[in-house]
Number of protein chains: 2
Amino acid sequence: MKYILFFLFASFISTAQVTKEQLNIMPWPQNISLNEGYFALTKNFKVNITGSPNERIFVGATNFLRRLDGRTGLFFNQGFITSLNEVPDAQLQINCVRSGKIELYEDESYLLDVTPSKITINATTDVGALHGLETLLQLLQNTNNSFYFPASKISDFPRFTWRGLMIDVARHFMPVDVIKRNLDGMAAVKMNVFHWHLVDDQGWRIEMKKHPKLIQMASDGNYYTQEEIKNIVKYAAERGILVVPEIDVPGHGSAILTAYPEIGSKVEILNVGSGEKGQQLKQIQKYDLERNAGIFTPTLDPSNPKTYELLSSIFDEVCPLFPGKFFHIGGDENEGKDWDSNPKIQEFKKKHNLANNHELQTYFTMQLIPMLKKHNKTLMGWEEIMTKDMSKEAIIHSWKGSNEGLVAGKSLVEAAKGGYKTVLSNGYYIDLMYGVEDHYSMDPMPKNVTLTNEEKARILGGEAAMWTELATSATIDSRIWPRTAAIAERFWSNENVTDINSLRKRLKIISFRLEELGLTHIKSKEGLLRNISNNQKSDALVDLSNVCEPLKGYSRNSEGTEYKMYSPLTLFADVCSPDASDAIEFNQAVADFLNNKSLENQAVIVSYLNKWIKMDSDLNVLSTNAPLVQSLLPLSKSLNDIAKQLLLKIDKKENADAATLNNLLEKCNSKEHADVELAVYNSLKKLVQA
Amino acid sequence: MKYILFFLFASFISTAQVTKEQLNIMPWPQNISLNEGYFALTKNFKVNITGSPNERIFVGATNFLRRLDGRTGLFFNQGFITSLNEVPDAQLQINCVRSGKIELYEDESYLLDVTPSKITINATTDVGALHGLETLLQLLQNTNNSFYFPASKISDFPRFTWRGLMIDVARHFMPVDVIKRNLDGMAAVKMNVFHWHLVDDQGWRIEMKKHPKLIQMASDGNYYTQEEIKNIVKYAAERGILVVPEIDVPGHGSAILTAYPEIGSKVEILNVGSGEKGQQLKQIQKYDLERNAGIFTPTLDPSNPKTYELLSSIFDEVCPLFPGKFFHIGGDENEGKDWDSNPKIQEFKKKHNLANNHELQTYFTMQLIPMLKKHNKTLMGWEEIMTKDMSKEAIIHSWKGSNEGLVAGKSLVEAAKGGYKTVLSNGYYIDLMYGVEDHYSMDPMPKNVTLTNEEKARILGGEAAMWTELATSATIDSRIWPRTAAIAERFWSNENVTDINSLRKRLKIISFRLEELGLTHIKSKEGLLRNISNNQKSDALVDLSNVCEPLKGYSRNSEGTEYKMYSPLTLFADVCSPDASDAIEFNQAVADFLNNKSLENQAVIVSYLNKWIKMDSDLNVLSTNAPLVQSLLPLSKSLNDIAKQLLLKIDKKENADAATLNNLLEKCNSKEHADVELAVYNSLKKLVQA
């Protein structure tokens, strides 16, 4: 009887009025109101679809049922939804006015209405309805023994039309299933553009039937067949996602030139013989796939007609694989070194009155526009393509910022003012391992700059960029998620949605739910730690990973040669991720303690310090049978040493002098060990100085 | 200084002479001798290949390097191996006399010689050399800060030529990456036949260009394209694995008949009108994809010429996708109900002097032999095809046993004596959730039966069978691994290798290492538990999963209708697996304690009992915010209740009377909760009765 009362009580509490603060929706909707009551889920829950939607809604609604069933274990009776109006009296009614198109500016809005007896999603297009289904999944609440949706009305639409994620599959190839699960993740947070960076110095990843050398010589066997590409494009379209392919030219050209060295810019001049018989021989440079990371010189020759013949023929084969209207041609980081040292190219510049390499590159890029237009594609490129004579039709992808010595988003403003449509990626380079707050606080619409409405309209949105010099298929998910969900909110939600604490709270749940899509961002960590620990169970190793973050920016593998593209990425730095969970909580605890030195607040600090002292001791034991743990011991020792001193200090016992203490503290600021940094350094410093 | 001494000491201990008992090789080699000394791994470790191997050795050796690098974090300099004799002075020399063929009876032997300065693998074929590389990976040892191979000589070859794993992709479709990672797992334990069960009542999984209706109507969109099939066959061949496709006919026919009802056996006779105007109309039965599990009646019509036309045309399209010499046509579980009730088929039987449905099925199967022979394929079928007039060329797949009321492997002996080549799967049905010991103790070569050498030679080997009524792509790995590694040892190693304790010890390590191949058998558990716990951290839930095993045999979903093919398999029973780890340790502890009631032995028991009492309490707390935990509480309560009584008993305090105790004990024997059973029941019983 005690139990029964307890459960009744719990149910009563849990289905009491839910507040907005309790909801874990991301991106946060434009308008939401909560009403009294709730819709209780049962085994008989069914979905019905009406209107004139695209068939993708059947796939989406069936997947919705499976996900909801997987969470709740209710064993819904309804299986596959394959046609309109199959269950007219279903509790969830989805109505779409018309078939959605997978293109920019499509109507993606939806109205979601949850009442105690019925749920309706009304949308102009099935794309909007899919967004509504994702919101509904995020609305799910539970008591101790049941699941329900709170009665509510949501009216929602995106702020920006371009909400993208770029994945680089050239540096490390990503198999089809990795792409698919990330498309599922994108759809779950209402992103709609997948930018597929398919070619770079380290590999060509597209099966080419007319130019098989590209895969034979420049892919290491790691490429997508055309059938796989079509399949992925279809998979994306079923989730409302447009695919934008990228072939990066004229720089980043090592892969193309490995197969076609004759269109490279570099010439080698051999002096053969000597004296009168001596002659100079030009020979074509041989290129190899790049195995290092960095910016390299191999560049296509813009003065060679064969370059354009080849590219035109490549576009003829690649464009039909992608029904979308955009084609990204890269255009970044061409340093022009090989152009400068090639007399033929210098002559070409003079002949065409091209004052410098920028103008030469513009000449090159302008040749590509008609090749793409032939296939009804608009050219897009990284910001370097924006030179004075560039066609206003081109879309400018803004990426440079403080790391390149520029004001963040400078090119975005210039593009918008200059008449170009533009997309922002500066601030959204998720491979650089910055915390979620950095990305979340970056808005695609520049502050402190006055833009006309027309100029503002040219800012299409933003795109998270996942470069993969330091990510493999085993680790990429944890580099993309969950931070990209926060970026998705920035692109979708009202600009006033900026509360970092709310974000962090919701992100924990969103991250957990993303796992149901097959994403491995949580579980891959556990597998890698098993390898590092040599299969020894170890909370200590987990604890250390929860205060360490990978080196940020370009400081890991800074020369580009330590980690080759085939090097193992199974190390501690690959386990760690930004926003280290214990560090975030400790930082908060320190702030609270310094604000109010209550015994309660002090106890939290002391508990962390003791945890790290024990951790160090446990790691030393662990390391006796785990070589990969050795390099972590200095980190844990530093934390242990300062923790011991801080405990003495908090207890007001005799501790080390200021110099010694600072010395110990600074050891926690080292970037010398295992390619990670201790994310608690700043808070430790505050405690030392308090 | 203290640390330095400590490390030196640890290194000294760890590289001391390794014994055979310390090695974790599986399957255990035919001959192994350990020598003094060791080969120390360094960053400069390189591989060289000589002889005349197939190119698959380059793929295999490159993958070997990547795996070894991932484990050791040494950052080997060597990247891709693409040709012979690239590094003549490499420390690992692989020599193969000739290119291996992917077929039965190929020479798979290898000699592995590890000396302190050099490692050599000599093999007749690259297939043997690949096996040698897997053994070498399993030989890896470590000190506290380095990795090495112990000096040793291994001469190895398989006992059976057919070492198979069957995966059913009809009941639950398994995406390409699931198949690939399981092929990697097979190669790691030297299995060489992948039997691909591609068609059953629940789906047709092969893209058909001439018969698109099969995928349009009978796959739910879940099928392999022909390109994907070729790609998988190639991937398998690169790992020395032969692929044997199965199209199950004439029973298990719902999928085929959904697309082609006109070749079904069922007739429906309609009485239209009445009186004189009345007439009987025969109409073709409509079929649907089956959503339940079980044995169903839809069966192809063996009297209809169109049946053979369709099958012949299907084989013409499917056979060329599989270069191997075998084609499995199923033939199992045809109950002939629709044959009995079809007058036309009854007439056909009489006309052809076929005494019963067995003879009719033989007639049917015999028609398929020339269709397959045309493509140079031998017909293989489940044991039901072995009737008196069956061609001796057919291969008999023995599967029935005690569950079917027969002596285990009866058909295997009959086949061998009857002149048929045969493969054993009885005893290796890994989907039935029996413990590893059951499978390990089953030998393909029957005991207690006298067979001539010729008859013995007809026993090709064995095959683990993974049916997927109760497994999805998220759970299948944990149903296959690690138990299949033990079965692989049964098929490869000497028949005297039977020590279950040695097996269990090695299996722990092998299981951990299999994870590096992308197999998810360990980490998928963690993801599913997060869902069940509603993202609450819970050791209690893990603890419960470590004493529970899914219901065995056919007792879960015994009616076949509770779990539809689209039902969630995200429940506690899907998390649990056979050989529950704590149960195995507790069972051992109880045996030890009953053998010697020392305080030490008692302490282990007491510690488990206390753990379960705490677990129950923690699970009750957890359940207040996790509906999926509710159904587990009775299990944990049963364990809690008996544990409390046993503690009293051990402490010699007053405990419940015998009847009450037995009542509590029997609650631990319940199969009523959450589709699992407590794997500690027998040991608890021993303690109660002690």
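What you are looking at is a predicted structure, and each value in this text was computed from that prediction instead of being measured.

**Student:** Got a minute to help me understand the overall build of chain A in this structure?
**Tutor:** Along its length, chain A carries 25 helices and 20 strands. By the compact-globule yardstick of 26 Å for 690 residues, chain A fits well, its C-alpha radius of gyration being 28 Å. Its C-alpha atoms give chain A principal-axis dimensions of roughly 110 × 75 × 50 Å. Within the span of chain A, comprising 690 residues, buried residues form 60% of the whole. Total accessible area computed for chain A in this model is approximately 27000 Å², and 52% of it derives from carbon and sulfur atoms. Here chain A contributes 76 positive and 84 negative side-chain charges, whose respective centroids are spaced 2 Å apart.

**Student:** I would appreciate a short explanation of helix α10 (residues 343-351) of chain A in the present structure.
**Tutor:** Residues lying three or four places apart along an α-helix face the same way, a consequence of the helix completing one turn every 3.6 residues. All names here are of chain A. Three or more residues of α10 are buried, namely I345, F348 and K349. Buried positions in α10, seen along its axis, are confined to an arc of 100° and lie on one side of it. Seen from the buried face of α10, the exposed residues on the opposite side, beyond 90 degrees, are E347, K350 and K351. Turning to α10, the residues buried within the fold contact α9 (337-340) and α11 (357-373). By the N-cap criterion, in which a side-chain oxygen at the helix start approaches the backbone nitrogen of a residue two or three places on, α10 is capped by N342, the distance to K344 being 2.9 Å.

**Student:** When you look at the confidence of the model for chain A in this model, what are you seeing that I'm missing?
**Tutor:** As a general rule, the predicted coordinates of low-pLDDT regions are not to be interpreted in detail. Residues and elements named next belong to chain A. Taken over all residues, the pLDDT of chain A has a mean of 95, while the share at 70 or more is 96%. Within the model, pLDDT remains below 50 along residues 1-13, and this stretch shows 9 contacts once partners closer than five positions in the same chain are excluded. The ipTM for the predicted assembly is 0.95, set against a pTM of 0.96.

**Student:** Which parts of the structure should I look at to understand the relation of the copies chain A and chain B?
**Tutor:** Note: a rotation about an axis with an accompanying shift along it relates these two copies of the chain. With an RMSD of 0.0 Å, chain A superimposes on chain B once it is rotated by 180° and translated 0.0 Å along the axis. What we have between these two chains is a two-fold relation. Closest approach to the rotation axis among the C-alpha atoms of chain A is made by K523 of chain A, whose C-alpha sits 3.0 Å away. Of the residues that chain A buries at the interface, 100% are likewise interface residues in chain B, meaning the two copies contact each other through the same surface.

**Student:** How do you make sense of the nonpolar core when you look at a structure like this?
**Tutor:** Counting residues in each nonpolar core, the largest one holds 140 residues, and the members touching the most others are F45, W196, W204, Y224 and I247 of chain B. A per-element tally of this core places helix α4 (residues 176-188) of chain B first, with 7 residues. Within the second largest apolar cluster, 139 residues are counted, among which are V47, I229, M445 and I476 of chain A.

**Student:** Honestly, the packing of aromatic side chains in this entry has me stumped. Any pointers?
**Tutor:** To describe a pair of aromatic rings, one takes the distance between the centres and the angle between the planes. Enumeration over the complete set of coordinates arrives at 44 aromatic pairs over all chains. A ring pair is formed by F39 of chain B and F149 of chain B, whose centres lie 6.4 Å apart and whose planes are at 35°; its orientation type is tilted. Of this pair, F39 of chain B sits in strand β1 (residues 31-40) while F149 of chain B sits in strand β7 (residues 147-156), and the two are 110 residues apart along the sequence. By way of ring pairs, the aromatic residues F39, F45, F64, F76 and F149 of chain A are connected into one cluster. Seen from the ring of Y235 of chain A, R239 of chain A lies directly overhead, with NZ or CZ sitting 3.5 Å from the centre. Positioned over the ring face of Y440 of chain B is R490 of chain B, at 4.4 Å from the centre of the ring.

**Student:** What's the story with the interface of chain A and chain B in this structure? I'm lost.
**Tutor:** Many descriptions give the size of an interface as the accessible area lost when the pieces come together. The partner chain B presents 57 residues to the 57 residues of chain A that form the contact. Roughly 4600 Å² is buried in total at the junction of chain A and chain B, and carbon and sulfur atoms are behind 56% of that figure. Where chain A meets chain B, there are 4 salt bridges. In this structure, the salt-bridge partner of R530 of chain B is E526 of chain A, at a minimum N-O distance of 3.2 Å. Where chain A touches chain B, the interface holds 22 residue pairs in polar contact (both at pLDDT 80 or more). Of all the secondary-structure elements, those providing two or more residues to the side of chain A that touches chain B are α1 (2-14), α2 (56-72), α6 (226-238), α17 (500-514), α18 (523-532) and α22 (599-623) of chain A. With 6 residues, α18 of chain A is the largest single contributor of residues to the side of chain A that touches chain B. When its residues are assigned to classes, the side of chain A that touches chain B shows 18 nonpolar, 24 polar and 15 charged.

**Student:** Can you walk me through the side chain of S511 of chain B in this structure?
**Tutor:** Residues and elements named next belong to chain B. By secondary structure assignment, the location of S511 is in helix α17 (residues 500-514). The exposure class of S511 is buried, given its relative accessible area of 10%. Aside from chain neighbours lying at most four places away, what touches S511 is P482, H521 and I522.

**Student:** Please clarify how the environment of N44 of chain A should be interpreted in this entry.
**Tutor:** All names here are of chain A. Here N44 lies in the loop between β1 (31-40) and β2 (47-51). We classify N44 as partly exposed; its relative accessible area is 44%. Non-local contacts of N44, meaning those with residues more than four positions away in its chain, are made with N77 and Q91. A distance of 2.9 Å separates polar atoms of two side chains, one belonging to N44 and the other to N77.

**Student:** Explain unusual backbone geometry here, please?
**Tutor:** Leaving glycine aside, a negative phi is the common case for residues, and trans is the common case for peptide bonds. Residues and elements named next belong to chain A. Following W481, the chain continues to P482 via a peptide bond in cis, the omega torsion being 5°. The topology assignment puts P482 in the loop between α15 (476-480) and α16 (483-492). Phi is positive for H252, which is not a glycine, with a value near 50°. With respect to the helices and strands, the residue H252 is situated in the loop between β11 (242-249) and α7 (254-259). Owing to a relative accessible area of 2%, H252 belongs among the buried residues under this scheme. In this structure, E333 takes a positive phi of about 50° despite not being glycine. Tracing the backbone shows E333 in the loop between β14 (326-330) and α9. Under the relative-accessibility criterion, E333 is labelled partly exposed at 22%.

**Student:** Would you take a moment to explain the pairing of β11 of chain A for this structure?
**Tutor:** Where a strand is regular, its side chains alternate between the two sheet faces. Residues and elements named next belong to chain A. In terms of residue burial, β11 counts as a mostly covered element, since 8 of its 8 residues are buried. Here strand β9 (residues 193-200) pairs with β11 via 6 bridges, running parallel. From the neighbouring strand, W196 faces β11, where its bridge partner is P245. In the sheet, β11 pairs with β14 via 2 bridges, with the strands oriented parallel. By the bridge assignment for β14, V249 is matched with G330.

**Student:** Sorry, what's going on with the state of the cysteines here?
**Tutor:** Two cysteines form a disulfide when their sulfur atoms are joined by a covalent bond. Applying the stated criterion across every chain, the model contains 0 disulfides over all chains. Take C576 of chain B: it sits in no disulfide, and the sulfur closest to it among the cysteines is that of C548 of chain B, at 5.1 Å.

**Student:** For this particular structure, what's the right way to read empty space enclosed by the protein?
**Tutor:** The probe, sized like a water molecule, is rolled over the atoms to show the empty space still left. Considering all chains together, one arrives at 5 cavities of 30 Å³ or more under this definition. Looking at the largest cavity, its volume works out to about 80 Å³. Lining the largest cavity are 13 residues, and of these K101, E103, E108, N192 and G240 of chain A sit closest to its centre. Of the residues contributing to the lining of the largest cavity, the split by class is 6 nonpolar, 3 polar and 4 charged. Size it by volume and the second largest cavity reaches roughly 60 Å³. Lining the second largest cavity are K101, I102, E103, L104, E106, E108, V127, N192, V193, G240 and L242 of chain B. Taken together, the residues of the lining of the second largest cavity sort by class into 5 nonpolar, 2 polar and 4 charged.

**Student:** What is the right way to read helix α24 (residues 658-667) of chain B from this model?
**Tutor:** Residue and element names in this part refer to chain B. Among all positions in α24, only L661, L664 and L665 are buried. Taken end-on, α24 shows its buried residues confined to a sector of 100°, consistent with a single buried face. Where α24 is buried, its residues touch α23 (633-650) and α25 (681-689). Measuring from the backbone nitrogen of A659 back to the side-chain oxygen at the start of α24 gives 3.1 Å, which picks out D657 as the cap.

Calculation criteria
- Residues numbered from 1 in each chain as written.
- Chains lettered and ligands numbered in written order.
- Predicted model: local features only at pLDDT ≥ 70, side-chain atom pairs only at ≥ 80, totals over all residues.
- Heavy atoms only, no water.
- Helix = DSSP H or I, 4+ residues; strand = E, 2+ residues; numbered from the N terminus.
- Rg over C-alpha atoms; globule rule 2.2 N^0.38 Å.
- Buried < 20%, exposed > 50% of the residue type's maximum accessible area, 1.4 Å probe, protein only.
- Areas by Shrake-Rupley, 256 points an atom, 1.4 Å probe, with all protein chains shown as cover.
- Lys, Arg positive; Asp, Glu negative; His and termini not counted.
- Charge placed at Lys NZ, Arg CZ, Asp CG, Glu CD.
- Arc of directions from axis to C-beta.
- Contact = heavy atoms within 4.5 Å.
- Polar contact = N/O pair within 3.5 Å; in protein donor to acceptor, adjacent residues only side chain to side chain.
- pLDDT = per-residue confidence, 0-100.
- Least-squares fit on C-alpha atoms with pLDDT ≥ 70 in both.
- Core = buried A, V, L, I, M, F, W, Y, C linked by side-chain atoms within 4.5 Å.
- Phe/Tyr/Trp six-rings, centres within 6.5 Å; stacked < 30°, edge-to-face > 60°.
- Lys NZ or Arg CZ within 6 Å of the ring centre and 35° of its normal.
- Buried area = accessible area lost by both parts, 1.4 Å probe.
- Salt bridge = Lys/Arg side-chain N within 4 Å of Asp/Glu carboxyl O.
- Nonpolar A, V, L, I, M, F, W, Y, C, P; charged D, E, K, R; others polar.
- Pairing = 2+ DSSP bridges.
- Disulfide = S-S within 2.5 Å.
- 1 Å grid on protein atoms, 1.4 Å probe; cavity = no way out; pocket = protein on both sides within 12 Å on 5 of 7 lines; lining within 4 Å.
- Points joined across faces, edges and corners; volume = space filled by probe spheres on them.

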